[in-house]
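# Architecture at a glance
One-letter residues, chain by chain:
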Amino acid sequence: MEKISGFLDILFSLPIIGFVIGGKSMKIFFLFLSGAVVGTLFDALQTFNGIASYADPFIFKTAWWVPFLFGGGAVAIGFIHYQFDPTIPSKKAFVGFFLFLMMACLLTAFLKITNVQKGLALLLLFFVSWFIWDRRFKRIFLALGVAAAGCFIESTLSQFGLYSYAQPDIVGIPYWLP
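Now for a look at the structure at hand.

What counts, and at which threshold
- Residues numbered from 1 in each chain as written.
- Predicted model: local features only at pLDDT ≥ 70, side-chain atom pairs only at ≥ 80, totals over all residues.
- Heavy atoms only, no water.
- Helix = DSSP H or I, 4+ residues; strand = E, 2+ residues; numbered from the N terminus.
- Contact = heavy atoms within 4.5 Å.
- Areas by Shrake-Rupley, 256 points an atom, 1.4 Å probe, with all protein chains shown as cover.
- Core = buried A, V, L, I, M, F, W, Y, C linked by side-chain atoms within 4.5 Å.
- Buried < 20%, exposed > 50% of the residue type's maximum accessible area, 1.4 Å probe, protein only.
- Patch = residues over 30% accessible without salt bridge, like charges linked within 9 Å, V, L, I, M, F, W, Y side chains within 5 Å.
- Salt bridge = Lys/Arg side-chain N within 4 Å of Asp/Glu carboxyl O.
- Expected span 1.5 Å × (residues − 1).
- Arc of directions from axis to C-beta.
- Phe/Tyr/Trp six-rings, centres within 6.5 Å; stacked < 30°, edge-to-face > 60°.
- Lys NZ or Arg CZ within 6 Å of the ring centre and 35° of its normal.
- Axes fitted to C-alpha atoms, helices over the stretch in contact; angles between N-to-C directions.
- Parallel < 35°, antiparallel > 145°, perpendicular 65-115°, else oblique.
- Left-handed = near helix turned anticlockwise from the far one by under 90°.

Helix and strand content of the protein: six helices and two strands. The helix and strand sequence of the protein, counted from the amino end, reads α-α-β-α-α-α-α-β. Within the protein, contacts between residues at least 6 apart in sequence are counted, and of these 61% link residues at least 24 apart. For the protein, the exposed area adds up to about 11,000 Å²; of that, 75% sits on carbon and sulfur atoms.

Formed by 17 residues in total, the largest nonpolar core has its most connected members in Y54, W65, L122, L125, Y163 and Y165. Of all the elements in the fold, those that place two or more residues in this core are β1 (52–54), α4 (91–110), α5 (115–133), α6 (137–159) and β2 (163–165). Excluding residues that lie within four positions of it along the chain, Y163 makes contacts with D43, Q46, A52, S53, Y54, E154, L157 and S158.

What follows concerns a nonpolar patch on the surface. A surface patch of nonpolar side chains, amounting to about 680 Å² of accessible area, comprises V116, L120, L123, F127, I170, V171 and Y175. The topology assignment puts V116 in helix α5. By relative accessible area, V116 is classed as partly exposed at 47%.

Its 19 residues give α5 an end-to-end C-alpha distance of 27 Å, which sits within 8% of 27 Å, the value for a rise of 1.5 Å per residue. Taken together, the buried positions of α5 are occupied by N115, K118, L122, L125, S129 and W130. On an axial view of α5, the arc spanned by its buried residues comes to 130°, and they lie on one face. Away from its buried face by more than 90 degrees, α5 exposes L120 and L124.

This next bit is on the pattern of salt bridges. Under the definition given, this model contains four salt bridges. For D134, the salt bridge identified is with R136, shortest N-O distance 2.6 Å. R136 gets classed as partly exposed once you look at its relative accessible area, which sits at 30%. With its nearest N and O atoms 3.3 Å apart, the salt bridge here joins D134 to R139. A relative accessible area of 15% places D134 in the buried class. Each of D85, D134, R136 and R139 takes part in a single network of salt bridges with overlapping partners.

This part takes up the environment of L33. Inspection of the secondary structure assignment puts L33 in helix α2 (residues 24–48). Taking the C-alpha atoms as reference, L33 lies 6.1 Å from G71; in sequence the two are 38 residues apart.

The next point concerns the packing of aromatic side chains. Each aromatic ring pair is characterised by the separation of its centres together with the angle its planes make. The tally for this structure, following the rule as stated, stands at 11 aromatic pairs. Summarising the aromatic geometry, the rings of Y165 and W176 are spaced 5.8 Å apart at their centres and angled 90° between planes, so their arrangement reads as edge-to-face. With Y165 in strand β2 and W176 in the segment after β2, this residue pair connects regions lying 11 residues apart in the sequence. There is no split in this pair, since Y165 and W176 are both buried. Connected via pairs of aromatic rings, a cluster forms that spans Y54, W65, Y163, Y165 and W176. One cation-aromatic arrangement involves R135 over F131; the distance from NZ or CZ to the ring centre is 3.8 Å.

Further remarks concern the packing of α2 against helix α3 (residues 66–84). Contact geometry of α2 with α3 gives a least axis separation of 7 Å together with a crossing angle of 125°. One way to sum up the angle between α2 and α3 is to call them oblique. Seen from above, α2 lies across α3 with right-handed handedness. Along the contact surface, α2 presents I28, L31, F32, G35, A36, G39, T40 and D43, while α3 presents V66, P67, F68, F70, G71, G72, A74, V75 and G78.

Encoded structure:
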């Protein structure tokens, strides 16, 4: 248990370390690294549970380009959020957001309910997280933008046959994705 706790401390600290250490390139590096590691790990929950699959998996049922996609996505999301609101969240808020993100990934990977029910559960999780940790309306608009971009990217990957969901609803993606 101590090893897991130490790993989680490091995982939670990566983005915070990046913003505390000086230099823009160091911040970008730690943000990229966080997205590449955490995004790929969360994505693996879905691939290992048959929710989604890659056309040409490389390792751990994941394509070789997935960490780069998630790393780039983290940098883009971090940059856009910082442009709209340059305040850095507290460690407590960051851990809270991360735990809600982890709950969302676990919900989509393991809960055996319809895609519409998953979407409603994810929406509830988002608003509870927002209410507890943020309560700024501009974050809702930022989240909607990120959701739209994510749906576009995943739908495009699906249309090109690189990635697919076991139960897509519209344009190759499930209703719960946004």
